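Overview (structure and organization)
Single-letter residue listing:
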Amino acid sequence: MESESGSESEDFPEALADALAGLQRLIRRRLRGGTTGPSLRGAEVELLRLVVDRPGIGVSEAAKELYLAGNSVSTLVNRLVGDGYLIRGTDPVDRRAARLLATPAADARLRDWRQRRAVLVRGQVARLGAADRAALEAALPALRELAANLHEEAEET
C-alpha cells in the first residue's frame, strides 16, 4: 500500500496488524464450534502445538517461546494436564524441572483442528477472486519475514 509519493501509508502497519489479528480471531471462533471435549483457548492451543512440535520442552522454555510469563504457562499446563492433553514428567537431569509431553488425545485434537482449519481457510480462499488469491500467495514470503523479524526482536529483549 503505497501512497502517490511512493511511501507506505501511515495507517498501513496498524491496518495490517488489525487484519491479521481479526483473521486469527475469526478462524479460532469458527473452529471452536464442532469440537468435542473441553474448549481450548488460543494460548492453550499454542502451547499444545509447541509441545507436539518439541516433545519434552520445559515449562520455562515454553514460556519463553510463547512470550508468556512462567506462571501463566504453569496455569495452562495444569489445565491441559487435568483435561488429559499433557503429561508433565520429571526432567531426568534436574528433578525439580518438568518436561512436557502431548498425550494421544492432544495429538488427535490438534490433527482434527489442523484439518478443520485447512478446510475452513481453503473454502474461504476459494471464494476470493483470482487476483486476491494471487496477492495473498505473493504476500506469504513477506509475512513470514515479518514474523521472523518479530520473533528475532523478541529474542533480543
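- With an unreviewed UniProt entry as reference, the chain is termed Winged helix-turn-helix transcriptional regulator, source organism Streptomyces triticiradicis.

**Side note on helix α4 (residues 70-82)**
- Taking 1.5 Å of rise per residue, the 13 residues of α4 would be expected to cover 18 Å, and the 18 Å separating its terminal C-alpha atoms lies within 8% of that figure.
- Of all the positions in α4, only Val73, Leu76, Val77 and Leu80 are classed as buried. The arc enclosing the buried residues of α4, seen along the axis, measures out at 105°, which places them on a common side. In α4, the exposed positions angled more than 90 degrees off the buried face are occupied by Asn71, Thr75 and Gly82.
- Looking at the buried side of α4, the elements it contacts are α2 (42-53), α3 (59-66), β1 (86-90) and β2 (98-102).
- Gly84 lies just past α4 and shows a positive phi near 85°.

**Some details on the nonpolar core**
- Counting residues in hydrophobic clusters, the biggest one holds 25 residues, and the most contacted among them are Leu47, Leu48, Val73, Val77, Leu80 and Leu86.
- Residue contributions to this core peak at five residues, all from α2.
- Residue contacts for Leu48: discarding those within four places in its chain leaves Leu40, Leu80, Tyr85, Leu86, Ala106 and Leu110.

**Thoughts on the environment of Ile27**
- Here Ile27 is to be found in helix α1 (residues 12-32).
- Measuring from C-alpha to C-alpha, the distance between Ile27 and Ala138 comes to 21 Å, with 111 residues separating the pair along the chain.

**What to know about a positive patch on the surface**
- On the surface, a cluster of positive charge is contributed by Arg25, Arg28, Arg29 and Arg32.
- Its place among the elements puts Arg29 in helix α1.

**Section: a nonpolar patch on the surface**
- Residues Leu20, Leu140, Leu143, Leu146 and Leu150 make up a contiguous nonpolar surface patch of about 390 Å² in total accessible area.
- Considering every element that reaches the nonpolar patch, the biggest residue donor is helix α6 (residues 130-156), with four residues.
- Following the sequence through the fold, Leu143 ends up in helix α6.

**Examining the pattern of salt bridges**
- For the structure on display, the rule yields eight salt bridges.
- A salt bridge links Glu44 to Arg79; the nearest nitrogen and oxygen atoms lie 2.6 Å apart. Here the residue Glu44 occupies a position in helix α2, and Arg79 occupies one in helix α4, the gap between them amounting to 35 residues.
- Under the relative-accessibility criterion, Arg79 is labelled partly exposed at 31%.
- Of the charged contacts in the structure, one is a salt bridge between Arg79 and Asp83, with a shortest N-O distance of 3.7 Å.
- Judged by relative accessible area, which is 29%, Asp83 ranks as partly exposed.

**Concerning the packing of α2 against α3**
- Where α2 meets α3, the axes come as close as 11 Å, and the angle between the chain directions of the two elements is 120°. The orientation of α2 relative to α3 falls into the category oblique. With respect to the hand of their crossing, α2 and α3 are arranged in right-handed fashion. On α3, the residues that touch Glu46, Leu47 and Leu50 of α2 are Ala62, Glu65 and Leu66.

Reading guide: rules and limits
Residues numbered from 1 in each chain as written. Predicted model: local features only at pLDDT ≥ 70, side-chain atom pairs only at ≥ 80, totals over all residues. Heavy atoms only, no water. Helix = DSSP H or I, 4+ residues; strand = E, 2+ residues; numbered from the N terminus. Expected span 1.5 Å × (residues − 1). Buried < 20%, exposed > 50% of the residue type's maximum accessible area, 1.4 Å probe, protein only. Arc of directions from axis to C-beta. Contact = heavy atoms within 4.5 Å. Core = buried A, V, L, I, M, F, W, Y, C linked by side-chain atoms within 4.5 Å. Patch = residues over 30% accessible without salt bridge, like charges linked within 9 Å, V, L, I, M, F, W, Y side chains within 5 Å. Areas by Shrake-Rupley, 256 points an atom, 1.4 Å probe, with all protein chains shown as cover. Salt bridge = Lys/Arg side-chain N within 4 Å of Asp/Glu carboxyl O. Lys, Arg positive; Asp, Glu negative; His and termini not counted. Charge placed at Lys NZ, Arg CZ, Asp CG, Glu CD. Axes fitted to C-alpha atoms, helices over the stretch in contact; angles between N-to-C directions. Parallel < 35°, antiparallel > 145°, perpendicular 65-115°, else oblique. Left-handed = near helix turned anticlockwise from the far one by under 90°.

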